[in-house]
Structure formats: C-alpha cells, structure tokens
Amino acid sequence: MKPGFLFGLVLLVSVTAHAQTDSTEMLEVEKAMMQLFDGMRKGDSTMVRGAFAENAHLSTTYVDENGKPQVEEGSLIGFLIGVGSPHKEVWDERLGYIQISMDDGIAHIWAPYTFYFGERRLHCGVNSFQMVKTDKGWKILNLVDTRRENNCGD
C-alpha cells in the first residue's frame, strides 16, 4: 500500500467524521432555536425559558416614524411573562430559510420570519441568534431581530 493512499484515506475518514459531527451539531443548534418557537405557539414560558442561556439578551431593531433607526433592548422576563400569560390567539413565528454557521461552541443562525397573532400577520423581519454550547446543550445567548409591518413579501 502506498503511503500517499493511506494518508488520503485517513484524511477522507477524518473529513467525513467532521462533516457528520457538524451536521449533527447543526441539527442540535436548530432544535434549540425551534424550542423557542414551539414554546411560543404553546404559550409555554417554561419551555421558552429553557431555550435561553442564563445571561441571555434580547434586542429589536426598527425604523421609527421619523425614519430614524432604533435599537430597543428587550427583557427576557417580560417576554416570558407575555408568552405564559393566557391569550386566546396563538403566537406563531413562521421562519423562512435557516442559515447556520458554527465553530466549536458558538453558532450563528440567520432566519427571516413572519410573526402571526392567530391568523393576523403583525410584522416580519430577520432573527439573528448567537448560540452557545453549554453543559445543558445549545442555548440562545443573544437574539436580535429586525421588525417591520410592511414589505413582508405577502
């Protein structure tokens, strides 16, 4: 057996194993993100809280009525109270494509969305998640979303 062949075989096995690990990890990252949206649809604040890291941050960006860009810091506790408070309409955030980039214990998710309150579209934009791997699995560390009421492609 030629040494070059053996090296090539070892490299191929290593790359294949790495690709499978990345694929598995990407599925875990996506599953952690989807826990947030599944919990929102169910009105389950405990499920939603489990998707976030202990020191998570939420922010929203938008353009105000004067055309000025704004960044609004959100409250995870306030969000959880909203999710868990009884409401007749389902909070349904529907995602477009999901793009995941990752390296070791961090991942970034870019996911366009449209948010529905029951059957009524309220707004749309893009979610940008910064995810971290913890001893309890993948968690959302930062979530920043854009938000607009028009130009939602519908």
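Here's a quick rundown of the structure. (Residues numbered from 1 in each chain as written. Predicted model: local features only at pLDDT ≥ 70, side-chain atom pairs only at ≥ 80, totals over all residues. Heavy atoms only, no water.)

## Focus on the overall build of the protein chain
- Counting its regular elements, the protein chain contains three helices and seven strands.
- In the protein chain, the succession of α and β elements from N to C terminus is α-α-β-β-α-β-β-β-β-β.
- Taking all 154 residues of the protein chain together, the buried fraction comes to 31%.
- Look at the contacts in the protein chain between residues 6 or more apart in sequence, and 50% of them connect residues 24 or more apart.
- Looking at the protein chain as shown, the accessible area adds up to about 9,800 Å², and 57% of this sits on carbon and sulfur atoms. (Helix = DSSP H or I, 4+ residues; strand = E, 2+ residues; numbered from the N terminus. Buried < 20%, exposed > 50% of the residue type's maximum accessible area, 1.4 Å probe, protein only. Contact = heavy atoms within 4.5 Å. Areas by Shrake-Rupley, 256 points an atom, 1.4 Å probe, with all protein chains shown as cover.)

## What about the state of the cysteines?
- In total, this model carries one disulfide according to the counting rule given.
- Residue pairing for Cys 124: its cysteine sulfur links by disulfide to Cys 152, the two sulfurs lying 2.0 Å apart. With the S-S dihedral at roughly -90°, the linkage between Cys 124 and Cys 152 falls on the left-handed side. Placement of the pair is Cys 124 in strand β6 (residues 120–134) and Cys 152 in the segment after β7 (137–146), with a sequence separation of 28 residues. For the pair formed by Cys 124 and Cys 152, the shared burial category is buried. (Disulfide = S-S within 2.5 Å.)

## Details of the packing of aromatic side chains
- The full count for this structure, using the stated rule, is two aromatic pairs.
- Arranged with centres 6.1 Å apart and planes meeting at 85°, the rings of Phe 37 and Phe 129 form a pair that is edge-to-face. With a gap of 92 residues between them, Phe 37 in helix α1 (residues 3–42) and Phe 129 in strand β6 connect regions that are remote in the sequence. Comparing Phe 37 with Phe 129, the two get one shared label, buried.
- Relative to Phe 115, the ring of Trp 91 has its centre 6.4 Å away and its plane inclined at 75°; by these criteria the two rings are edge-to-face. Here the residue Trp 91 occupies a position in strand β3 (residues 91–95), and Phe 115 occupies one in strand β5 (residues 106–117), the gap between them amounting to 24 residues. Grouping residues by exposure puts Trp 91 and Phe 115 together as buried. (Phe/Tyr/Trp six-rings, centres within 6.5 Å; stacked < 30°, edge-to-face > 60°.)

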